[in-house]
Amino acid sequence: MFKLYKKLSTRDWILLIVLAGLTVLQVYCTMTLVDYIQNIIQSITYLNYHNNPELFGEGVSAIVSAGGWDALLAQIDAGSEEYAMFSAVAAATAGKIWYNGGMMLLIAAGTVATQTLVGMIAAFVASGLSARIRSAVYAKVDSFSIAERERFSTPSLITRTTNDVQQVMLANILMLRMAFAAPVTAIWAILKIQTASTQLTVATIVAVVLLVLFLTFLMLIVLPKFRLMQKLIDRLNCVSRENLTGIRVIRAYNAESFQQEKFEKANTAITRAQLFTGRLMSLMSPVMILIMNGVSLAIYWIGASLINKGATDYATIAAFMQLASQIIMAFMMLMM
């Protein structure tokens, strides 16, 4: 597969460098969006406490009602975590919520823009590469001698020039869009979640391991059938061409039923292979949903326990949930 990249032009390599830069920018936007999600949740929480000091208890409420938040801060050690929290509550305003919300919209727009550009560049490079491969295959076939052509059937050569090259193009589009973005996203997200909670990280790791095991098992079963389907498509094209080019001979010898049976056999074989792969691949979506929902349940369950112990807050749990989703999606893209 990678030998085909020798056919990339200088312009294509420049575009790939641009694509790598845009991919890093896309991942940066995604990770930054998680930070602003955490910030806006904290801003809303702090503003709620700022407007309702009685939520901290009667003692805090009485001090704030008498002398304001400054009076409360004056009674707390300036270097303590409690002072940092009450300082944030005292400084909470609706403007911070609007600021974080606006930044979220701006970063989301940047993510959409970078993803669009990455998709366009990937499609342009992959299409150009497939066009050159198609031309090279056609020129190679055209240079064959009669003896060399007899080693391949005509439908096989047609399939290699059309369907096979199309599959290469689609594979390249997926690789260019995901092969670099997935590991960057996974590594970046893993580095961010390590500082949150060991228990939550373990829950995410378990989900990733289950996902990788399932996808590996699925691919080991499905990939041989995908390879077989290329040969079955070749066989179906062969029978179809034989029927069309030899239609006069077939009718002269009244062999329509024989050719029909021959076509049905090839058609049934490829149908069965497609049904087999389709049924197995259909398991991917429900299993993915099950794993995603399972890790969400585990994170919120463990997070609730940590919040009750005062070890973390809801904003951190919500941000961790976003990062865990990014990690799982990144590993899924790598497997694909």
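Rules used in this analysis
Residues numbered from 1 in each chain as written. Predicted model: local features only at pLDDT ≥ 70, side-chain atom pairs only at ≥ 80, totals over all residues. Heavy atoms only, no water. Helix = DSSP H or I, 4+ residues; strand = E, 2+ residues; numbered from the N terminus. Contact = heavy atoms within 4.5 Å. Areas by Shrake-Rupley, 256 points an atom, 1.4 Å probe, with all protein chains shown as cover. Lys, Arg positive; Asp, Glu negative; His and termini not counted. Charge placed at Lys NZ, Arg CZ, Asp CG, Glu CD. 1 Å grid on protein atoms, 1.4 Å probe; cavity = no way out; pocket = protein on both sides within 12 Å on 5 of 7 lines; lining within 4 Å. Points joined across faces, edges and corners; volume = space filled by probe spheres on them. Nonpolar A, V, L, I, M, F, W, Y, C, P; charged D, E, K, R; others polar. Phe/Tyr/Trp six-rings, centres within 6.5 Å; stacked < 30°, edge-to-face > 60°. Buried < 20%, exposed > 50% of the residue type's maximum accessible area, 1.4 Å probe, protein only. Salt bridge = Lys/Arg side-chain N within 4 Å of Asp/Glu carboxyl O. Axes fitted to C-alpha atoms, helices over the stretch in contact; angles between N-to-C directions. Parallel < 35°, antiparallel > 145°, perpendicular 65-115°, else oblique. Left-handed = near helix turned anticlockwise from the far one by under 90°.

Caption draft 1: The arrangement of the overall build of the protein chain in detail. The number of helices and strands found in the protein chain is 12 helices and zero strands. Shown N-terminal to C-terminal, the secondary structure of the protein chain runs as helices and strands in the order α-α-α-α-α-α-α-α-α-α-α-α. When the backbone C-alpha atoms are referred to their principal axes, the protein chain occupies close to 105 × 40 × 30 Å. Here the analysis covers contacts within the protein chain between residues at least 6 apart in sequence; of these, 81% occur between residues at least 24 apart. With the model as given, the accessible surface of the protein chain reaches about 19800 Å², and the carbon-plus-sulfur share is 65%. Across the protein chain, the 25 positively charged side chains and the 18 negatively charged ones have centroids separated by 20 Å.

Caption draft 2: Broad picture of the layout of surface pockets. Considering only enclosed or pocket space, the second largest pocket measures out at about 550 Å³ in volume. Among the elements of the structure, helix H1 (10-51), helix H3 (81-90) and helix H12 (314-335) are those that each provide at least two residues to the lining of the second largest pocket. In terms of residue count, the dominant contributor to the lining of the second largest pocket is H1 (four residues). Partitioned by chemical class, the residues of the lining of the second largest pocket number eight nonpolar, five polar and three charged.

Caption draft 3: Expanded view of the packing of aromatic side chains. Summed over all chains, the structure comprises one aromatic pair. Relative to Tyr-99, the ring of Tyr-36 lies with its centre 6.5 Å away and its plane at 65°, an arrangement referred to as edge-to-face. Within this pair, whereas Tyr-36 is found in helix H1, its partner Tyr-99 is found in helix H4 (residues 94-142), the two being separated by 63 residues in sequence. Residue class for Tyr-99 comes out partly exposed when judged on its relative accessible area of 49%.

Caption draft 4: Spatial organisation of the pattern of salt bridges. Summed over the entire model, instances satisfying the criterion amount to one salt bridge. Residue Asp-12 is joined to Arg-132 by a salt bridge in which the shortest nitrogen-to-oxygen separation is 2.4 Å. One end of the pair, Asp-12, is in helix H1; the other, Arg-132, is in helix H4, and 120 residues separate them in sequence. By relative accessible area, Asp-12 is classed as buried at 2%.

Caption draft 5: How the structure looks around the packing of H1 against helix H7 (residues 181-193). Packing of H1 against H7 leaves a shortest axis separation of 10 Å and a crossing angle of 30°. Relative to H7, the element H1 is oriented roughly parallel. Once H1 is placed against H7, the crossing between them reads as right-handed. Residue-level contacts link Thr-23, Val-24, Val-27, Tyr-28, Met-31 and Asp-35 of H1 to Ala-181, Val-184, Thr-185, Trp-188, Ala-189 and Lys-192 of H7. Along the lines of polarity and charge, the residues of the contact of H1 with H7 split into eight nonpolar, two polar and two charged.

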